[in-house]
Amino acid sequence: MTNNDNSQLKLRRGGVLVGTHPVMSLGAGILVFAFVLFTVAVPELANTVYTGIKDFIAADLAWYYIGFMSFVLFLVVWLVFSRYGDIRLGQDSDRPEFSNFSWFSMLFGAGIGIGILFWSIAEPIYHFQSNPLVPEGQQLTAEAAQVAMRISIFHWGLHGWALFGLAGLTLGYFAYRKGLPLSIRSSLYPIFGDRIYGPIGHMADLLAVFGTVFGIATSLGLGAQQMNAGLNYLIGVEVSTGNQILLIAIISVIATVSVMTGLHKGIRVLSELNMRLTMLILGLFVVVGPTAYLLGALVTNLGDYLVHAVELGFWVDPDPAGQWQGWWTLFYWGWWIAWAPFCGIFIARISKGRTIREFVLGVLVAPTLLAAIWITVFGNTAMFLELFGDGGVVAAVNKDTTMALFSTIELMTDSELMITLMASICTVMLVTYFVTSADSATLVICTLISMGNSNPLPRYRVFWGGAIGAVAAVLLLAGGLQALQTASVVAALPFSFILIMAIYGLFKSLREESLPEKASRFSRLTGKGSRASARESSAVPATGNL
């Protein structure tokens, strides 16, 4: 298939569904509506079904999830040092569309920005109280605090970003170098050929729509609860379902306006704002909090994580009755896999023109480093208060997770001005990070139903922007957020099989690239050999040998 060959896409040329594939647009709507209806109409049955499948995965497939994530990390690291590192996601003459700061801001904001804001204090505090790596009787000690920080950084670190990176790399490679649609189905082309434009491709893309809609909707609903808690803390807004639904509506409108303005304006500008606010709040925590302790903890945590990352990555709980790994690590790995299609497509969309080596290092190292800094600054501040201060964070987390962040800020300083300033910044960040995730997800969904069109029609952006907010509001009202969150993670199992096929397709296609037979290790790491590589491959058509 060439860049100009649209005969297989079968997009509607007129009518209500113009510019989309009818199976994708109608199928996506029916799938979302059916699962929402099932979850809301029979919530107990839905929760039982979703939880039952999740428990089966935790009990019998823990080895698979653990092994899969470690395998992905190995492949991504290998690509950095391989001779394929100089290949560009696009033509050899293409160059990056966005600056490094804009690129990193967008990929971090779409990926985990809002989640880490919610959990960067609560998760370390939970592990501080209980985890299987700390002997019984040693909880709530300095040693337990260090293990808690190690586990938390592990859950937000290299393994997850390696998955996002490999998904984005695969999609960007087939879209921009091979001229295929920017959709999940394209990664299956080396295996199925033109059959990706039939039921096989529809199923892969619909599964991606499912994970994206419900992943974002559940996060939006849960995040609205934290925003409500922040507004209650700041200005006394009542914590209620009605106010949370109102917040969801406001965020959905802002996100829809943002996605309507396009990638270069709305999403990019908001993402850069997020990053600047992030640097500001991290700086305030370091200055107002225990500065020397936090700086020391950062060095310790980075070294401790790097030393234990491989060990943690391969650890499977040998206790058949143990539930901790299912509650935490397997849930995280399922969540990363479920979000891989959304984040993979979005990261691919903003990464055209980058080399494989540049792409992998950027997606793998920079977000992991920021996540480690963020968790250290927030989490170790809470640990300091518990170990060396008057405490109170553990009690706050156990009472209401949504208040963990604001309770920590209040315990840090006696200055009402500083407390108000920091709490206000965090509340604004909750909104901006949610908007960034929601508008990115809306763009991805519209891209999928439009068979890879990176600039889908405005009507679909409006519809799906509103649909995500409506799903979140309905589930929040009916009490089905946790059930759908579990269902999204369960959907990670079949999607992991699609990822395995996509990985095979990527490496099969990479082997067909025209590359220099030998390159020194120095040139591979520094990119000095890229000009020769570009000259040799310039004679190869952009569509390759697919």
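Cut-off values and rules
- Counting of residues starts from 1 at the beginning of each chain's written sequence and follows it residue by residue.
- Selection of residues for local features in this predicted model requires a pLDDT of at least 70, selection of side-chain atom pairs for listing and counting requires 80 or more, and totals for whole chains, interfaces and linings are taken over all residues.
- Calculation of side-chain values draws on the structure's entire complement of heavy atoms; hydrogens and water are dropped beforehand.
- A run of H or I in DSSP counts as a helix once it spans at least four residues, and a run of E counts as a strand once it spans at least two, with each numbered from the N terminus.
- Accessibility here uses a 1.4 Å probe with only protein chains present; expressed as a share of the type maximum, an area under 20% marks a residue as buried, one over 50% as exposed, and anything in between as partly exposed.
- Residue exposure ignores everything except the shown protein chains as possible cover, and the areas themselves are Shrake-Rupley values with a 1.4 Å probe.
- When a carboxyl oxygen of Asp or Glu lies within 4 Å of a side-chain nitrogen of Lys or Arg, that pair is called a salt bridge.
- Whether two aromatic rings pair depends on their centres lying within 6.5 Å, for rings of Phe, Tyr and Trp, where Trp uses its six-membered ring; planes under 30 degrees apart make the pair stacked, over 60 edge-to-face, and the rest tilted.
- We count a charge as sitting over a ring when the NZ of a lysine or the CZ of an arginine lies within 6 Å of the ring centre and within 35 degrees of the ring normal.
- Residue contacts are counted whenever heavy atoms from the two residues lie within 4.5 Å of one another.
- Excluding any residue in a salt bridge, patches collect residues exceeding 30% relative accessible area, merging like charges within 9 Å and nonpolar Val, Leu, Ile, Met, Phe, Trp and Tyr side chains within 5 Å.
- Multiplying 1.5 Å by the helix residue count minus one yields the expected span of that helix.
- The term bend refers to the angle at a residue between two fitted axes, each drawn through seven residues, those ending there and those starting there.
- Here an axis means a line fitted to C-alpha atoms, over the contact stretch when the element is a helix, while the angle between two N-to-C directions is reported on a 0 to 180 degree scale.
- For this classification, under 35 degrees means roughly parallel, over 145 means roughly antiparallel, 65 to 115 means roughly perpendicular, and everything else is oblique.
- A crossing counts as left-handed when the near helix is turned anticlockwise from the far one by less than a right angle, and as right-handed when that turn is clockwise.
- Residue polarity is assigned by list, with Asp, Glu, Lys and Arg as charged and Ala, Val, Leu, Ile, Met, Phe, Trp, Tyr, Cys and Pro as nonpolar; anything else, Gly included, falls into the polar class.
- We call a set of buried Ala, Val, Leu, Ile, Met, Phe, Trp, Tyr and Cys residues a nonpolar core when their side-chain atoms join them within 4.5 Å.
- A score between 0 and 100, pLDDT records how confident the predictor is in each residue.
- Polar contact criterion, stated in full: a pair of N or O atoms within 3.5 Å, where within protein one must be able to donate a hydrogen and the other to accept it, and residues adjacent in sequence count only if both atoms are side-chain atoms.

**Regarding the overall build of the chain**
Across its full length, the chain holds 23 helices and zero strands. For the chain, with 546 residues in total, the buried portion stands at 59%. For the chain, the exposed area adds up to about 21,200 Å²; of that, 64% sits on carbon and sulfur atoms.

**Regarding the pattern of salt bridges**
Throughout the structure, instances matching the rule amount to nine salt bridges. For arginine 349, the salt bridge goes to glutamate 97, with nearest N and O atoms at 3.5 Å. Taken together, the residues span a long stretch of sequence, with arginine 349 in helix H14 (residues 329-349) and glutamate 97 in the loop between helix H3 (62-81) and helix H4 (100-111) at a distance of 252 residues. For glutamate 97, a relative accessible area of 36% corresponds to the partly exposed category. Residue arginine 276 pairs with glutamate 272 through a salt bridge whose shortest N-O separation is 3.8 Å.

**Concerning the packing of aromatic side chains**
Taken as a whole and judged by the stated rule, the model has 34 aromatic pairs. Consider the rings of tryptophan 78 and phenylalanine 507, whose centres lie 5.8 Å apart with planes at 40 degrees: the pair is tilted. Of the two residues, tryptophan 78 is situated in helix H3 and phenylalanine 507 in helix H21 (residues 492-510); the sequence distance between them amounts to 429 residues. Of the residues examined, tryptophan 78 reaches a relative accessible area of 38% and is grouped as partly exposed. The buried category is assigned to phenylalanine 507, whose relative accessible area is 14%. In this arrangement the basic side chain of arginine 354 is found over the ring face of tryptophan 103, its NZ or CZ atom lying 4.0 Å from the centre.

**Some details on the side chain of serine 186**
With respect to the helices, strands and loops of the structure, serine 186 is situated in the loop between helix H7 (158-177) and helix H8 (189-192). For serine 186, the residues in contact, after removing those within four places along its chain, are Phe174, Leu180, Pro181 and Ile196.

**Brief notes about a nonpolar patch on the surface**
Among the surface-exposed residues, Val42, Leu45, Val49 and Ile53 lie close enough to one another that they form a single nonpolar patch of about 280 Å² accessible area. Summarising the element assignment, isoleucine 53 is placed in helix H2 (residues 43-60).

**What to know about helix H10 (residues 241-261)**
Compared with the 30 Å implied by 1.5 Å per residue over 21 residues, the 30 Å span of H10 between its first and last C-alpha is a close match. Taken together, the buried positions of H10 are Gln244, Leu247, Ile248, Ile251, Ser252, Ala255, Thr256, Ser258 and Val259. Summarising the contacts, the buried residues of H10 are in contact with helix H9 (199-235), helix H11 (263-288), helix H18 (416-449) and helix H19 (458-478).

**Digging into H14**
The first and last C-alpha atoms of H14 sit 29 Å apart over 21 residues, in line with the 30 Å expected at 1.5 Å per residue. Alanine 340 marks the point of greatest bend in H14, at about 50 degrees, and the proline proline 341 comes within the next four residues. With 20 of 21 residues buried, H14 lies mostly within the body of the structure.

**Some remarks on the packing of H9 against H18**
Axis separation between H9 and H18 bottoms out at 10 Å; the angle between their running directions is 165 degrees. By the angle class used here, H9 and H18 are roughly antiparallel. As H9 packs across H18, the resulting crossing turns out to be left-handed. Among the residues making up the contact of H9 with H18, the classes are represented as 19 nonpolar, nine polar and one charged.

**Considering the environment of threonine 20**
Take threonine 20: it is sitting in the segment before helix H1 (22-41). For the pair threonine 20 and leucine 457, spaced 437 residues apart in sequence, the C-alpha to C-alpha distance is 9.1 Å.

**Focus on the environment of phenylalanine 210**
Structurally, the position occupied by phenylalanine 210 is in helix H9. Separated by 235 residues in the primary sequence, phenylalanine 210 and isoleucine 445 place their C-alpha atoms 9.4 Å from one another.

**Details of the nonpolar core**
Formed by 182 residues in total, the largest nonpolar core has its most connected members in Phe108, Ile281 and Phe378. Ranked by residue count, the leading element in this core is H18, at 18 residues.

**Points about the confidence of the model for the chain**
The predicted structure's coordinates, where accompanied by low pLDDT, should not be read in detail. In this model, the chain carries an average pLDDT of 83, and 89% of its residues clear a pLDDT of 70 or more. Across the chain, element-level confidence peaks in helix H12 (residues 291-314) with a mean pLDDT of 95 and bottoms out in helix H23 (residues 530-537) with 41. Taken as a whole, residues 1-7 scores under 50 in pLDDT and shows 14 contacts with residues more than four places along the chain or in a different chain. Low pLDDT (under 50) marks residues 518-546, which in the prediction has 46 contacts with non-local residues, meaning those over four places away or in another chain.

**Things to note about the side chain of serine 440**
Take serine 440: it is sitting in helix H18. Given the relative accessible area of 0%, serine 440 is considered buried.

**What to know about the environment of asparagine 228**
Following the sequence through the fold, asparagine 228 ends up in helix H9. Classification of asparagine 228 as buried rests on a relative accessible area of 0%. C-alpha separation for the pair asparagine 228 and leucine 246, spaced 18 residues apart in sequence, amounts to 9.9 Å. Apart from residues no more than four positions distant in its own chain, asparagine 228 is found in contact with Val237, Glu238, Val239, Ser240, Asn243, Gln244 and Leu247. Within the local environment of asparagine 228, its side chain forms a polar contact with the backbone nitrogen of serine 240, the two atoms lying 3.1 Å apart.

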